[in-house]
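Fold and contact review
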Amino acid sequence: MGQVFSDKILNGNKILQVGQVEIIADASGDNDAVRKSQVETIAAESVQSGLVNTSGNASETTTFTSQYTKDALATKQPNMSIDPASTSYLEIVDGSKIKLKDLGITSTYRDTVQTSLSGFIAAATFNGNGTITVNGEVLDKMTFIFLTNAVLPQDRTFVYLGTNNGDATDFVAFGVNYNASEIRSFFNSAGTGILFDTNTGVFSLDIGTTASELGGQTIPHGATFTTINPSNKINDALVKLEALINAVDQSGADGTAAVTTRLNNLSGVTGNTYGDFAGNTYASNQSSKQLFQATETLIESATSDRAAIYAQMSARATTVDANLASETASRTSADNTLQSNIDSEAVTRATADAGLQSNITNEAITRSSADTTLQSNIDSEESARIAADNNLQSNITAEATARTVADDALQDQINALADSNIELVGTVDASGVFNAVDGASDSRNGQSFVSIVMKAGEEVVFSAAVTLLATDFKLNDKLMVKVATITAGNMALSDFVYKKGDESDLTRANLGSDTIDLDSNDDLRVTPDSISRTQLAASVESDIDDKVSLTANGQTISGKALLIEQSDDNKSASYGLYLKKTQTGSDALTGTARALLVENWIESNGSGNPALPNYAHNTIASHYDGSCVDLSIVLAGAYCEANAKANTAINAIGSYSVATDSQLGVNIGAFAAAENGSTSNISMLGYASTDGVGADRGVVGAVTSQSLAVYSATRVADPFPYNDIAIVADAKYAPAGSKALYAYGDVVFEGGSVTVPGASADTDAVNLGNLKDLCEIHAFDLSSGSKVITTSLDLNKTKPASFMHSVTGVEIGFSYDDANSEITITATGNNVSSLTSVKMFIEQLPCAVTNS
């Protein structure tokens, strides 16, 4: 902040070479400095007054009279404004400039046919919706239109406004690309007007002298006008007027030029305002009155501020003097006390040093004895370690031999397993090019198929017909490598197992007869309704006639298919087929009792491609053909119940699915899929009510080496420790390394808490208790200068302690005693006695100590 001065009298002395003088109030006295805003106001008012006076005292004796000026001002156009209808395209900026707005152009159209805007309009169709159609292309509002063959430059570029008047008002010219040659072509080489001589490159003006041209007109004024002869032509009059105007302007006969020059010199600017200022005090484009007013306001504000500052300075000076006197007395007393403490501390330290030296001497004697004992223990331990190392080396050698034998056996098993792997590695297109399934990592991708390297079990599918290896392959034909490897460039058909696809041998050309065709899935079938009874053999007719009896037991239907079809409008409970079997007697069952036994025996060898499997299953399907859109109908493909009468205790399983046969593929006990639902897709819902008195589980997923019966009995004896669980993932009785739950991707736990055991491996989830056990916060009184704190942390892994307190002028240090798990804290400084509330933060790192 600058210095504040009271009023200064300079006694007529000069102030020279001042960079800037800021005046914050308008001048009021005759000798006061005038602010810029005040000058602008005075100048503006003077000019306005001069204009008014001139208009009121119109002269009749000068060439441009005051009356002429008055009349000219009276016919002045009003201020320009933007038509509201054009506000989408134009705007006024900086108070006086017209600017074209961003038109938001979305597209462009280039017309190479039309030579003018009128021709373009005639060829266009106005659609009535803010668009036009030209040459079959629809142009939207605000589209740039370029007529590349336009004759006139102004017809080259337009913007379509989106209106539908069908004429030039629907467009606005965006720009005209004139060049010098085009501009010159607008001028005549002869005649009236601006002329251009292409030979000399000179422009000239010919206003003409005929009755219809400007040069042929006489001057319409009275005989008293002596400067110009009334009979002269206007061109002569204009020349004389120009000379007269220049003379009047130079001599200042009417005073306009002189007044303007004088005012401009006084104000330092031209125009109606004082323009811009270099600083931030005055606003731009202000009048003299406005500038003087701002100066007056600033001066009065500064005067008020100076008075307030003087009052504050006086009060502050009194307070500072009192504080200095008090501080001087306090420091003198503190110095005396400090010297007394120093003298006392010196005596105390001398006594403590003597005691410390005695303790050091005793400690040296004790350590010497302990070192001798330690060396003896080290020698004994070293002998024991050497014997243990020898025994360990023997065990390692035996283990290495055993591992070599086991690895060889394992490798044999791996080789045998690898030989049986069948893997789809790619396709071969119509050009004989190999397209890998994993194109990013398979270096063979894009190479000629007959030149690539392959290994046993790899399979390719032909995506189009092609001739390779002297063989015509068809769509979906397959080749599987049956030899160990195929080297590059040595491929032969004998290296593969050749599987023909659906377009080989039996082709579509053989199908489509009256009796055999393809269904919607491209499967062979007998054409529906194509075979009548007369086309069956007599033995077949007799075999199927009256084959099923409604009264006999143990019957066998040998037909290929049986269709029972019915339709009804029954809204209550109904069924299409009701099959009921009642098992009587309470003796133990020796087999499985079934109301319905359906077996589907399949002998197909499959598609040969696990990515395109064949399906074989029994299907129970429900089809909804109504128009419900509010989820008020539940449709199930199969609804299974396991009902038990009251007061019985059994395992009631609503749906029981098993896949337990030994085979080389994958056994899936139950499979559920859901897709294409707009609201939601749920592949499987496991629901369990918590109304039961025992344990309730929504879903139990278990992996174990036990049989199902043994696992069930084990969990009866060892039940889950919680009653109500939505999902149980159980791997308790599984081999080591089994995982109860695996998730790849984001996992969200929302609400409640997740309980995990204490972490033992680096990849384990962290228990909050584990984290709390690795850090401590101790609050204590340190006003005595020292404190010993016992900790449960391992000080070998603990970071330096940090402290929090509110006392200044003190330093706190610490030392660790690893053997006794103690931390000694000491404080030094003038204000140690004020350390009554200190917090210490210590943290143990979970990693091991590495000795480097």
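Presented here is an overview of the structure given in this document. (Residues numbered from 1 in each chain as written. Predicted model: local features only at pLDDT ≥ 70, side-chain atom pairs only at ≥ 80, totals over all residues. Heavy atoms only, no water.)

Looking now at the overall build of the chain. Scanning the chain from terminus to terminus reveals ten helices and 30 strands. Here the chain holds 852 residues, and the buried ones make up 16% of them. Expressed as a percentage of contacts within the chain between residues at least 6 apart in sequence, the contacts between residues at least 24 apart total 46%. Carbon and sulfur atoms make up 53% of the accessible area of the chain, which amounts to about 63,200 Å² in all. (Helix = DSSP H or I, 4+ residues; strand = E, 2+ residues; numbered from the N terminus. Buried < 20%, exposed > 50% of the residue type's maximum accessible area, 1.4 Å probe, protein only. Contact = heavy atoms within 4.5 Å. Areas by Shrake-Rupley, 256 points an atom, 1.4 Å probe, with all protein chains shown as cover.)

Here we have five strands laid out as an open sheet, ordered E13-E12-E15-E18-E20, and mixed in their pairing. Either end of the sheet is taken by a strand with one partner, and the two such strands are strand E13 (434-436) and strand E20 (496-499). Strand-to-strand, the axes of this sheet are offset by a mean angle of 30 degrees, without reference to chain direction. Bridge count between strand E18 (residues 478-481) and E20: four bridges; the pairing is antiparallel. Residue pairing across strands places Leu479 opposite Tyr498, the latter belonging to E20. (Pairing = 2+ DSSP bridges. Axes fitted to C-alpha atoms, helices over the stretch in contact; angles between N-to-C directions.)

A separate point is unusual backbone geometry. What you tend to see is this: most non-glycine residues have negative phi, and most peptide bonds are trans. If you check the backbone angles, Asn285 has positive phi at about 60 degrees while not being a glycine. Examined against the element boundaries, Asn285 turns out to sit in the loop between helix H6 (256-267) and helix H7 (288-419).

Right, let's get into the pairing of strand E3 (residues 108-111). Within a regular strand, side chains alternate between the sheet's two faces. Side chains Tyr109 and Asp111 project from E3 onto a buried face, and the interleaved Thr108 and Arg110 project onto a face without burial. In this sheet, strand E7 (residues 144-147) lies alongside E3 in parallel orientation, the contact comprising four bridges. Note that in E7 the partner of Tyr109 across the bridge is Ile145.

Burial of the side chains of strand E25 (residues 775-780) is restricted to one face: Glu776, His778 and Phe780 are buried, whereas none of Cys775, Ile777 and Ala779 on the reverse face is. Sheet topology note: the E25/strand E30 (residues 838-843) ladder contains six bridges and is antiparallel. In the sheet register, His778 faces E30, and the bridge partner there is Met840.

In terms of nonpolar packing, the biggest core is built from 17 residues, with Phe449, Met454, Val460 and Phe496 touching the most fellow members. Those elements that place two or more of their residues in this core are strand E12 (423-428), E13, strand E15 (458-462), strand E16 (466-468) and E18. In this structure Val460 touches Leu424, Val425, Gly426, Val428, Phe434, Phe449, Met454, Asp477, Lys478 and Leu479, once residues within four positions along its chain are discounted. One finds Val810, Val838, Met840 and Ile842 within the second-largest nonpolar core, a separate group that totals 16 residues. (Core = buried A, V, L, I, M, F, W, Y, C linked by side-chain atoms within 4.5 Å.)

So, about the environment of Leu424. For Leu424, the location among the structural elements is in strand E12. Taking C-alpha positions, Leu424 is 7.9 Å from Val461, a pair spaced 37 residues apart along the chain. Leaving out residues up to four positions away in the same chain, Leu424 has contacts with Val437, Glu459, Val460, Val461, Asn609 and Ala611.

Turning to helix H9 (residues 708-717), its buried residues are Tyr711, Thr714 and Arg715. Considered in projection along H9, the buried side chains sweep an arc of 95 degrees and stay on one side of the axis. Opposite its buried face, H9 presents the exposed residues Ala709, Val716 and Ala717, each directed more than 90 degrees away. Contacts made by the buried residues of H9 are with strand E23 (696-702) and strand E24 (724-730). (Arc of directions from axis to C-beta.)

A few words now on the sheet that holds strand E6 (residues 137-139). With antiparallel pairing, three strands are arranged side by side in an open sheet as E4-E5-E6. Both outer strands of the open sheet, strand E4 (125-126) and E6, are each paired with one neighbouring strand and no more. Strand direction decides the pairing type here: E4 and strand E5 (residues 132-134), joined by two bridges, are antiparallel. Following the sheet pairing, Thr125 is matched in E5 by Thr133.

Applying the stated criterion across every chain, the model contains twelve aromatic pairs. Their ring planes at 55 degrees and their centres at 6.4 Å tell us that Tyr109 and Phe120 sit as a pair that is tilted. With Tyr109 in strand E3 and Phe120 in helix H3 (residues 117-123), this pair connects stretches of sequence that are eleven residues apart. A residue is classified by how much of its surface remains accessible, and Tyr109, at 8% relative accessible area, is buried. Centre to centre, the rings of Phe803 and Phe814 are 6.2 Å apart; their planes meet at 50 degrees, and the pair counts as tilted. In this pair, Phe803 sits in strand E27 (residues 802-804) while Phe814 sits in strand E28 (residues 810-817), placing the two residues eleven residues apart along the sequence. With a relative accessible area of 22%, Phe803 lands in the partly exposed category. The partly exposed category is assigned to Phe814, whose relative accessible area is 33%. Cluster of aromatic residues (ring-pair linked, three or more members): Tyr109, Phe120, Phe126, Tyr160 and Phe171. (Phe/Tyr/Trp six-rings, centres within 6.5 Å; stacked < 30°, edge-to-face > 60°.)

A few words on the pattern of salt bridges. Scanning the model with the defined rule gives eleven salt bridges in all. Note that Arg349 is salt-bridged to Glu345, the shortest N-O span being 2.7 Å. In this pair, Arg349 and Glu345 are both assigned in helix H7, four residues apart and thus about one turn of the helix distant. A salt bridge links Arg444 to Asp442; the nearest nitrogen and oxygen atoms lie 3.0 Å apart. With respect to burial, Arg444 and Asp442 carry one shared label: buried. Connected through shared salt-bridge partners, Arg715, Asp718, Asp730 and Lys732 make up one network. (Salt bridge = Lys/Arg side-chain N within 4 Å of Asp/Glu carboxyl O.)

Here the focus is the side chain of Gln844. Along the polypeptide, Gln844 turns up in the segment after E30. Reaching out from Gln844, the side chain makes a polar contact with the backbone nitrogen of Asp794 at a distance of 2.8 Å. When neighbours within four sequence positions are excluded, Gln844 is seen to be in contact with Leu774, Leu793, Asp794, Lys797 and Thr798. (Polar contact = N/O pair within 3.5 Å; in protein donor to acceptor, adjacent residues only side chain to side chain.)

Another point: the environment of Ser815. Relative to the helices and strands, Ser815 is located in strand E28. When the C-alpha atoms of Ser815 and Thr826 are compared, they prove to be 8.8 Å apart, with eleven residues separating the residues in sequence.

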